[in-house]
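# Structural features, examined
Chain by chain, the residues:
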Amino acid sequence: MPSVRTADLLIVNASELVTMAGRRKPRAREDLANVHAIAEGALAIRDGRIVACGRTPDILARFAQKKGKPLDAAGKTVIPGFVDPHTHLVFAGTRESELVMKLEGKSYMEILASGGGIQRTVRATRAASDRELLRGALGRLERMLLHGTTTVEGKSGYGLDLDTEMRMLIAMEMAAMRQPVDVVRTFLGAHAVPPEYQGRPDDYVDFLIRTALPEVVRLKLAEFCDVFCEEGVFTVAQSRRLLSAAKRMGLGLKLHADEIVRTRGAELAAEVGAVSADHLYRSSKEGLERMKEAGVIGVLLPGTSFSLMQRDYPDARMMVSMGLPLALATDLNPNCLTESMPFIIALACYKMKLTPSEALTAATINAACAIGRQDEIGSLEPGKKADIAVLDAPNHLHIPYHFGVNLVETVIKDGQVVVRNGARVAKV
Ligand code: NIG
Ligand code: FE
């Protein structure tokens, strides 16, 4: 008779437990659809980690919960907490008037060139106090948590001066201490050319390399460096210069690549060995091939195509069939204002023809890979963090199928129930 072990929390009777078990590597091709679901599933959690998962009778035979009753997930779906690997989490102000401008036919780049877009958010962010920046980030993290996200990547990039860029990165650290969501930070000083450097982008890149990056690295304010490599923003040559310097300083690399125009950002991502290249709306087949060969993950942001009212979306089916591993993210920013990964999964299915299983893999384990956290999160396996969402749905196909509402009922972060009945549990 095997001895019964204690657990801090048991989750039992899940009509579907999606484990995403498997290699801690980005999943591609048919592997992308293999979610490793267990019917009548159960999980045992201790000290914030998963200690066992399997079928309910087996788990109940091996584990007893120390206090209280196990969480009964009958009729529900249990999944790894969503990982959102591309957000602009900290900013001040909003840009709802640009929705009307877009409806009148103005393009994203026209709005940016006339002093709107990113530049408008830069003015508001520079003018905001530390408290205002923190308050905004906390509200967004709370909405993310309510929608099942337990880890996010957050970028700076609305300061474009050293002081405000650092304030943004510090606001993310403070916010992560006050909300049970992990935040992985990215320095995006190269998000736009600031007004002080208008017409002198190379001088601004020099400033980033000589002054800003060393300070960010010295104070350990970010793990990754990103750049908006785009026509009229930063060229491939400027992006290469910045990313190479960031790599020498020990940062991981990311790129906003081929979002609006084909600048060959995908090729650059492969060349510099980026962890991910994001957007890829206009990328060439050759660039995508090179990414695949270099092990760069493609992060798709269908919310951006949606908010930019683009007719077409990136060709995700082609990317899957060529074997490029894909992740999904919200791109949360004042132009694409959503905290909801379930909404992004719905867009990925309806607009890019990913299957629900592929989209869920892209929003969990592959998203974890895109921020270097695959050993800690993204799947429900012994040893991993107990970051879990319980959905009021019989199986994971409902995530895109039942769209536009929040199916997330319970969220567990580091083994603690932080959302119950769809509401934030009051902090003790
Ligand atoms: O990923 N394109 C650059 N950055 C964001 C948009 C930021 C903004 O419009 O404020 C993006 O789409
Ligand atoms: Fe972005």
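Rules used throughout
Residues numbered from 1 in each chain as written. Chains lettered and ligands numbered in written order. Predicted model: local features only at pLDDT ≥ 70, side-chain atom pairs only at ≥ 80, totals over all residues. Heavy atoms only, no water. Pairing = 2+ DSSP bridges. Helix = DSSP H or I, 4+ residues; strand = E, 2+ residues; numbered from the N terminus. Near = heavy atom within 4 Å. Polar contact = N/O pair within 3.5 Å; in protein donor to acceptor, adjacent residues only side chain to side chain. Areas by Shrake-Rupley, 256 points an atom, 1.4 Å probe, with all protein chains shown as cover. Nonpolar A, V, L, I, M, F, W, Y, C, P; charged D, E, K, R; others polar. Contact = heavy atoms within 4.5 Å. Buried < 20%, exposed > 50% of the residue type's maximum accessible area, 1.4 Å probe, protein only. Arc of directions from axis to C-beta. Donors = N, O, S within 2.8 Å, 3.2 Å for Na, K, Ca; no water. Axes fitted to C-alpha atoms, helices over the stretch in contact; angles between N-to-C directions. Left-handed = near helix turned anticlockwise from the far one by under 90°.

Spatially, seven strands are ordered β4-β3-β9-β18-β19-β20-β21 in an open sheet, and the strand pairing comes out mixed. Among the strands making up the open sheet, the edge pair consists of β4 (37-38) and β21 (423-424). Relative to β21, strand β20 (residues 416-420) runs antiparallel, the two being bridged by two bridges. Each residue of the ladder has a partner; that of Arg420, found in β21, is Ala423.

A few words on the site of ligand 1. Around ligand 1, the structure places 16 residues, and the nearest of them are Arg95, Tyr108, Tyr158, His191 and Glu259. Side-chain polar atom of His88 to an oxygen atom of ligand 1: 3.4 Å apart, as the coordinates give it. Tyr158 places a side-chain nitrogen or oxygen 2.6 Å from an oxygen atom of ligand 1. Protein burial of ligand 1: of its 330 Å² of free accessible surface, 100% is covered by the chains. When the residues that make up the shell around ligand 1 are grouped by side-chain class, the tally is five nonpolar, eight polar and three charged.

Inspection of the secondary structure puts Arg167 in helix α6 (residues 162-178). A distance of 3.4 Å separates a polar side-chain atom of Arg167 from the backbone oxygen of Arg126. In this view, Arg167 contacts Thr125, Arg126, Ala128, Ser129, Asp130 and Leu133; residues no more than four positions away in its chain are not counted.

Quick look at helix α10 (residues 285-294) now. Residues of α10 that are buried: Gly287, Leu288 and Met291. Down the axis of α10, the smallest arc covering the buried residues is 100°, so these residues share one side. For α10, the elements touching its buried residues are α9 (265-272), β15 (276-279), β16 (297-300) and α12 (316-322). Gly295 sits one or two positions beyond α10 and adopts a positive phi of about 75°.

So, on to the coordination of the iron ion (ligand 2). Distances from the iron ion (ligand 2) to its protein donors, His86 (NE2), His88 (NE2), His256 (NE2) and Asp331 (OD), fall within 2.1 to 2.3 Å. When the donors of the iron ion (ligand 2) are listed by position in the chain, the intervening gaps give H-x1-H-x167-H-x74-D. On the criterion of sequence distance, the pair formed by His256 in strand β14 (residues 252-257) and Asp331 in the loop between β17 (326-328) and α13 (341-352) is long-range, its members being 75 residues apart. Take His256 and Asp331: they sit in the same class, and that class is buried.

What follows covers the packing of α6 against helix α7 (residues 201-218). Direction vectors running N to C along α6 and α7 enclose 35°, while the axes themselves pass 11 Å from each other. Between α6 and α7 lies a crossing of right-handed hand. Residues Leu162, Met166 and Leu169 of α6 pack against Phe207, Thr211, Ala212, Glu215 and Val216 of α7. Among the residues making up the contact of α6 with α7, the classes are represented as six nonpolar, one polar and one charged.

Without other data, these values stay purely geometric and don't point to any function.
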